[in-house]
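Understanding the architecture of this molecule
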Amino acid sequence: MQPSGYHCVICKGSMPLDAPQAHRLDPCGLVLVANSDCEWRDQREQTFWCHFECFRRLVDDDGVLYIQEADFPTKGESAVEYAAEDGAD
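A brief report on the enclosed structure follows. (Residues numbered from 1 in each chain as written. Predicted model: local features only at pLDDT ≥ 70, side-chain atom pairs only at ≥ 80, totals over all residues. Heavy atoms only, no water.)

1. Section: the side chain of histidine 23
Rule in force here: Strands are runs of DSSP state E lasting at least 2 residues, helices are runs of H or I lasting at least 4, and numbering of each runs from the N terminus. Relative accessibility thresholds used throughout: buried, under 20% of the residue-type maximum; exposed, over 50%; partly exposed, between the two (1.4 Å probe, protein chains only). By definition in these notes, contact holds between two residues if any of their heavy atoms fall within 4.5 Å.
Relative to the elements of secondary structure, histidine 23 occurs in the loop between β2 (14-16) and β3 (28-34). On the accessibility criterion, histidine 23 (17% relative accessible area) is buried. Not counting residues within four places of it along the chain, the set of residues in contact with histidine 23 comprises Phe52 and Glu53.

Printed below as a string of C-alpha cells:
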C-alpha cells in the first residue's frame, strides 16, 4: 500500500503526495549514514523526510544550501554532463 504522504521529521507536519508542496524542493529526504567512517559494507542508512524550509531553519542557512539555486543541476543533468565528459576522452 502506497503511503498518502510524508511527515516532516522536524516539524511533524504532513506533506501529502497528492497536493502542491510548500516549497519547490519538497519533500526532501535526509539520509542518515551511521558508521560513515567505515567501509560501505559496515555502514547503515536510513532516510527521513522533511520540508526544505524546516531543514533550512534547522541548520541556520547561511547561504551554503546551494541546492536551492536555480542553476544547481539535478542528478539527471549531472549524469548527462559526466557521460559527455567521459565520451570526450
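2. Section: the packing of aromatic side chains
Using the following cut-off: Side-chain rings of Phe, Tyr and Trp (the six-membered ring for Trp) are treated as a pair once their centres are within 6.5 Å; stacked means planes under 30 degrees apart, edge-to-face means over 60, and tilted covers the remaining angles.
Tallied over the full model, the rule gives 2 aromatic pairs. Their ring planes at 40 degrees and their centres at 4.4 Å tell us that tyrosine 6 and tryptophan 49 sit as a pair that is tilted. Here the residue tyrosine 6 occupies a position in strand β1 (residues 5-7), and tryptophan 49 occupies one in strand β4 (residues 44-50), the gap between them amounting to 43 residues. Its relative accessible area of 22% is what places tyrosine 6 among the partly exposed residues. Between tyrosine 66 and phenylalanine 72 the ring centres are 5.3 Å apart and the planes differ by 50 degrees, which places this aromatic pair in the tilted class. Taking the relative accessible area as the measure of exposure, tyrosine 66 reaches 49% and is therefore partly exposed.

3. Observations regarding a nonpolar patch on the surface
Convention followed: What goes into a patch is any residue over 30% in relative accessible area without a salt bridge, connected to like charges within 9 Å or, for nonpolar side chains (Val, Leu, Ile, Met, Phe, Trp, Tyr), within 5 Å. Computed with a 1.4 Å probe, the accessible areas rest on the Shrake-Rupley method; for each residue, only the protein chains presented here act as cover. Salt bridges, as used here, are contacts in which a Lys or Arg side-chain nitrogen is within 4 Å of a carboxyl oxygen on Asp or Glu.
A surface patch of nonpolar side chains, about 300 Å² in accessible area, is lined by Val9, Ile10, Leu58 and Val59. Within the fold, leucine 58 resides in helix α1 (residues 52-58).

4. Topic: the environment of tyrosine 6
Put simply, tyrosine 6 and leucine 32 are 26 residues apart on the chain and 17 Å apart in space, counted from C-alpha to C-alpha. Here tyrosine 6 is in contact with Gly13, Ser14, Met15, Leu17, Pro27 and Trp49, once residues within four sequence places are set aside.

5. Some remarks on the environment of aspartate 60
For aspartate 60, the position within the fold is in the loop between α1 and α2 (75-88). Given a relative accessible area of 62%, aspartate 60 falls into the exposed group. Through-space distance from the C-alpha of aspartate 60 to that of asparagine 35 is 25 Å; in sequence the pair is 25 residues apart.

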